[in-house]
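# Summary of the model geometry
Here is what each chain is made of, one letter per residue.
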Amino acid sequence: MNKVAQVYEGKAKKVFSTEDPELLIVSYKDDATAFNGLKKGQIEGKGIINNRMSNILMDMLNKAGIPTHLVQELNERETLVRKVEIVPLEVIIRNIAAGSFAKRYGVTEGSPLKAPTLEFSYKNDDLGDPLINSYHVIALGLATQEEIDTIRDLAFRVNDELKRFWLSRGVTLVDFKIEFGRLADGTIILADEISPDTCRLWDSKTGNKLDKDRFRRDLGGVEEAYQEVMRRIESQV
Ligand code: ADP
Ligand code: UDP
């Protein structure tokens, strides 16, 4: 399958149409942004790691019965995916308090939560991806109640699978963001990516951060963290 035209360039990926109207090619860049694009930089080799890691994780989720957009990895930065209409929600699942949740509710970062939580942000850069509840989602026509129910159920299943996957590799899954989309027949599937850009991953023994927080918070060792987390995966694939 070949790229026909670039249809979108985002902060971390480019998206291309193909000869098949139902398929897209995504190409992962090394560009990194944080704080709604205010902080910009490059993480060398990130695109290669995120492409590979996202595909390994989506393949694992597919096998666990969770439908994803993954079709086939084409090369080290590019993957063929099923085209969806993205539901404009960032679906965030948390197991441990961190980041904006810890700040918003005055909880110490690292406090385990009594139960995993789910929240939605409205995927809208101009508005700064504001927190949104399911009533707002329905009122704005972003998704139906049935779609919200499907997304919630799938998101918690993704959490169970990812938590188990990472735990066996000595990594604690703190929280993550995923996106869902609709196929032409309305079926909801997992899309976008799962990577250290979109997950908080802490070394289970040392608590070391192995994700994009190293870039966001100027902690140094950014490239090394991405490589380390990839090494943890490859040692067992
Ligand atoms: P952003 O748009 O936030 O800057 P990216 O740089 O990752 O993010 O761009 C990739 C874009 O492609 C995102 O807007 C994402 O929602 C969208 N996308 C991901 N997977 C699919 C898919 N299977 N079909 C259509 N769009 C997708
Ligand atoms: N996240 C993401 N994209 C975003 C916002 C958040 O991938 O635009 C991920 C982030 O990596 C973390 C989780 O979602 O794993 C929760 O992030 P949080 O709401 O705490 O936001 P942050 O502190 O990053 O602003």
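Numbers given for residues are sequential positions, taken from 1 along each chain in its written order. Labels are handed out in written order, letters beginning with A for the chains and numbers beginning with 1 for the ligands. Reporting of local features is limited, given that this is a predicted model, to residues whose pLDDT is at least 70; pairs of side-chain atoms are given and counted only at 80 or more, and all residues count toward the totals for whole chains, interfaces and linings. As a convention, hydrogens and water are excluded, and side-chain values are obtained from all of the structure's heavy atoms.

Next up on the list: helix H6 (residues 222–234). For H6, which comprises 13 residues, the first-to-last C-alpha distance of 19 Å matches the rise-based estimate of 18 Å (1.5 Å per residue) to within 8%. Relative accessibility decides the category of a residue: with a 1.4 Å probe and only protein chains considered, values under 20% of the type maximum give buried, values over 50% give exposed, and everything between is partly exposed. Secondary structure elements are taken from DSSP: a helix is a run of H or I of four residues or more, a strand is a run of E of two residues or more, and numbering for both begins at the N terminus. Burial in H6 covers these residues: Val-222, Ala-225, Tyr-226, Val-229, Met-230, Arg-232 and Ile-233. When H6 is viewed along its axis, its buried side chains cluster within an angular range of 155° and face the same direction. Throughout, a contact is declared for two residues whenever any of their heavy atoms are within 4.5 Å. Elements in contact with the buried residues of H6: helix H1 (46–63), helix H4 (145–167), strand E12 (171–182), strand E14 (199–203) and helix H5 (213–216). The span expected for a helix works out to 1.5 Å for each residue beyond the first. To obtain the arc, one takes the directions from the helix axis to the C-beta atoms.

This part is about the site of ligand 1. It suffices for a single heavy atom of a residue to lie within 4 Å of a molecule or strand for the residue to be listed as near it. Near ligand 1 there are 17 residues, and of these Tyr-8, Lys-11, Ala-12, Lys-13 and Glu-179 occur at the shortest range. For this analysis, a polar contact is any N or O atom pair within 3.5 Å, provided that within protein one partner can donate a hydrogen and the other can accept it, and provided that sequence-adjacent residues contribute only side-chain to side-chain pairs. In this structure, an oxygen atom belonging to ligand 1 sits 2.6 Å away from a side-chain N or O atom of Lys-13. Between an oxygen atom of ligand 1 and a side-chain N or O atom of Glu-179, the distance comes to 2.7 Å. Accessible areas in this description were obtained via Shrake-Rupley with a 1.4 Å probe; residue shielding takes into account the shown protein chains only. Taken by itself ligand 1 offers 550 Å² of open surface, and the protein chains cover 88% of this. Looking at the shell around ligand 1 residue by residue, the class counts come to eight nonpolar, two polar and seven charged. Under this grouping Gly is polar, as are all residues other than the nonpolar Ala, Val, Leu, Ile, Met, Phe, Trp, Tyr, Cys and Pro and the charged Asp, Glu, Lys and Arg.

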